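If you want the building blocks of each chain, they are given just below.
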Amino acid sequence: MSLPKAELHLHIEGTLEPELAFELAARNGVSLPYADTDELREAYRFEDLQSFLNLYYELMAVLRTERDFEDLANAYLARAAAQGVRHAEIFFDPQAHLARGVGMGTVVEGLWRALGKSEEAHGVSTQLILCFLRDESAESALETLQAAKPYLDRIVGVGLDSAEVGHPPVKFREVYEAAAALGLRRVAHAGEEGPPEYITEALDVLGVERIDHGLRCVEDPALVERLVRERVPLTLCPLSNVRLRTVDVLGDHPLPAMLEAGLLCTVNSDDPAYFGGYAGDNFDAVRQALGLSEDQLRELARNSFLASFLEHDEERRAR
Ligand code: ES4
Ligand code: ZN
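Note that the structure is predicted; figures quoted are calculated from it, not measured.

Looking now at the overall build of the protein. What the protein contains, in helices and strands, is 17 helices and eight strands. For 319 residues, the compact-globule formula gives about 20 Å, and the C-alpha radius of gyration of the protein, at 18 Å, lands near that figure. By principal-axis analysis of the C-alpha atoms, the protein measures approximately 50 × 40 × 40 Å. Within the protein, the fraction of its 319 residues that count as buried is 48%. The long-range fraction of contacts in the protein, counting pairs at least 24 apart against all pairs at least 6 apart in sequence, stands at 76%.

If you want it as structure tokens, here you go:
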């Protein structure tokens with residue numbers, strides 16, 4: 001089964017499969033501290049968000065040229081298309097590349113080589129969302145937005161990711177104000193490992209239109225009520241939550257209760273190369289583990305288009 005859907009929570013660097021990582025390592029003369037893809041896969045046992053992020057940043061060392069980013073994005077788009085994705089709003093982490101001497105232009109132009117042809121090549125429309133790393137400083141985020149200015153025609157909005165706890169949304173008030181003034185859309189990760197208060201702060205201080213993850217809203221009934229009332233979309237990532245141990249097993253995931261409460265939930269893949277599946281795999285997994293009905297699966301797919309940054313007539317075409 002592959003319902004037409006939009007993917008709204010996808011880190012392009014998190015689509016780096018072990019085989020491509022080794023291919024790019026060889027092409028760029030980068031040595032990886034793993035003998036082969038099997039040994040690398042052995043490292044995919046995570047304790048929490050930070051243990052995943054350590055590997056995620058380490059493997060990025062193989063991404064060096066425009067062609068690398070193009071190949072990465074093309075591989076993702078082909079897989080996504082095969083799983084029913086018709087539209088993808090794709091996160092990228094420029095600070096992680098700038099820190100390694102890979103420029104904003106290399107990243108954006110490289111991704112664009114694939115994204116610019118995606119409708120034609122894969123039947124997938126795309127948008128790019130520039131994410132700030134919340135464990136870096138607010139000044140660094142402002143510098144990053146500055147560096148992105150020549151590429152703003154290719155970037156729909158900004159997001160906030162990386163290690164959450166201890167880095168509340170308010171730290172990024174200024175850069176979100178600057179992004180809004182540039183006409184950029186705003187989203188942020190909140191309530192993945194961090195407390196429900198971070199979700200409230202992302203809405204009230206950063207002015208975000210969607211919450212990425214938002215899982216921990218279920219701890220605060222008044223917040224759930226607000227999210228329902230204001231129709232704030234949540235981009236949930238069920239397989240990610242299991243791999244990063246925010247939920248013990250998929251059968252315990254609160255998605256059914258969240259749908260029941262009237263929350264505008266979407267199902268997404270986050271870092272599919274690391275967490276065991278792409279968008280369609282996440283749909284299949286929640287259907288099996290949580291016994292979702294066909295109606296609920298259709299609701300999730302419909303929500304993904306409603307919550308997207310597509311205009312309504314574009315939305316109808318993508319479906
Ligand atoms: C991420 Cl799962 C997750 N959470 C926060 N930041 C991230 N960056 C890439 N994947
Ligand atoms: Zn994420």
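After that view of the structure, there is still more to cover.
Further remarks concern helix α10 (residues 196-204). Working note: α-helix, 3.6 residues per turn, so residues spaced by three or four point in the same direction. All buried positions along α10 are accounted for by Y198, I199, T200, E201, A202 and L203. Those residues of α10 that are buried lie in contact with β5 (185-190), β6 (210-213) and α11 (221-229).

Before going further, it helps to examine the sheet that holds strand β8 (residues 264-267). Read from one edge of the open sheet, eight strands run β1-β2-β3-β4-β5-β6-β7-β8, paired in parallel fashion. Of all strands in the sheet, those with a lone pairing partner are β1 (5-11) and β8, marking the two edges. Taken pair by pair, the neighbouring strands of this sheet meet at an average axis angle of 25°, ignoring direction. Two strands pair when backbone bridges link them, and strand β2 (residues 85-92) and strand β3 (residues 125-133) are joined in this way by six bridges, in the parallel orientation. Paired with H87 across the strands is S125, a residue of β3.

A separate point is the site of ligand 1. All residues adjacent to ligand 1 are H11, G14, L49, Y56, D161, S162, H189, E192, S240, D270 and D271. The residue makeup of the shell around ligand 1, split by class, is two nonpolar, five polar and four charged.

Moving on: helix α4 (residues 66-82). Between its first and last C-alpha, α4 extends 25 Å over 17 residues, near the 24 Å set by a 1.5 Å rise per residue. For α4, the complete set of buried residues consists of D68, F69, L72, A73, Y76, L77, R79 and A80. Angular distribution of buried residues about the axis of α4 spans 165°; they occupy a single face of the element. Buried residues along α4 sit against β1, α1 (18-28), β2, α6 (104-115), α7 (118-122) and α15 (279-290).

Below, the discussion takes up the pairing of strand β7 (residues 233-236). Burial along β7 is two-sided: the residues P233 and T235 and L234 and L236 are all buried. When β6 meets β7, the two strands line up parallel, connected through two bridges. Paired with D212 across the strands is T235, a residue of β7. Chirality of the crossover, the property in question, places the unit of β6, α11 and β7 among those that are right-handed. Bridge count for β7 against β8 is four bridges, and the pairing is parallel. Paired with L234 across the two strands is C265, which belongs to β8.

A few words now on the nonpolar core. Among the nonpolar cores identified, the biggest contains 89 residues, and I12, A73, F92, L111 and A202 are the most heavily contacted of them. Those residues within four positions of F92 in sequence are excluded, and the remaining contacts are I12, E13, V107, L111, L128, L130 and C131.

Here the focus is the UniProt feature "binding site: Zn(2+)" (unreviewed entry) in the protein. The residues that UniProt annotates with the feature "binding site: Zn(2+)" (unreviewed entry) are H9, H11, H189 and D270. With the annotated positions falling across 262 residues, the maximum pairwise C-alpha distance of 11.8 Å places them together in a single cluster. Inspection of the secondary structure puts H9 in strand β1. Ignoring sequence-local partners within four residues, the contact set of H9 consists of D212, T235, C237, N268 and D270. Inspection of the secondary structure puts D270 in the loop between β8 and α14 (272-275). Residue D270 is classed as buried on the basis of its C-beta count, with 29 C-beta atoms lying within 10 Å. Excluding residues within four positions of it along the chain, D270 makes contact with H9, L10, H11, G14, C237, S240 and F275.

Reading guide: rules and limits
Residues numbered from 1 in each chain as written. Chains lettered and ligands numbered in written order. Predicted model: local features only at pLDDT ≥ 70, side-chain atom pairs only at ≥ 80, totals over all residues. Helix = DSSP H or I, 4+ residues; strand = E, 2+ residues; numbered from the N terminus. Rg over C-alpha atoms; globule rule 2.2 N^0.38 Å. Buried ≥ 20, exposed ≤ 12 C-beta atoms within 10 Å, placed from the backbone. Contact = placed C-beta atoms within 7 Å. Pairing = 2+ DSSP bridges. Axes fitted to C-alpha atoms, helices over the stretch in contact; angles between N-to-C directions. Near = placed C-beta within 6 Å. Nonpolar A, V, L, I, M, F, W, Y, C, P; charged D, E, K, R; others polar. Expected span 1.5 Å × (residues − 1). Arc of directions from axis to C-beta. Right-handed = clockwise from strand over helix to strand, strands pointing away. Core = buried A, V, L, I, M, F, W, Y, C linked by C-beta atoms within 7 Å. UniProt positions renumbered as here; feature names shortened; annotations may be inferred.

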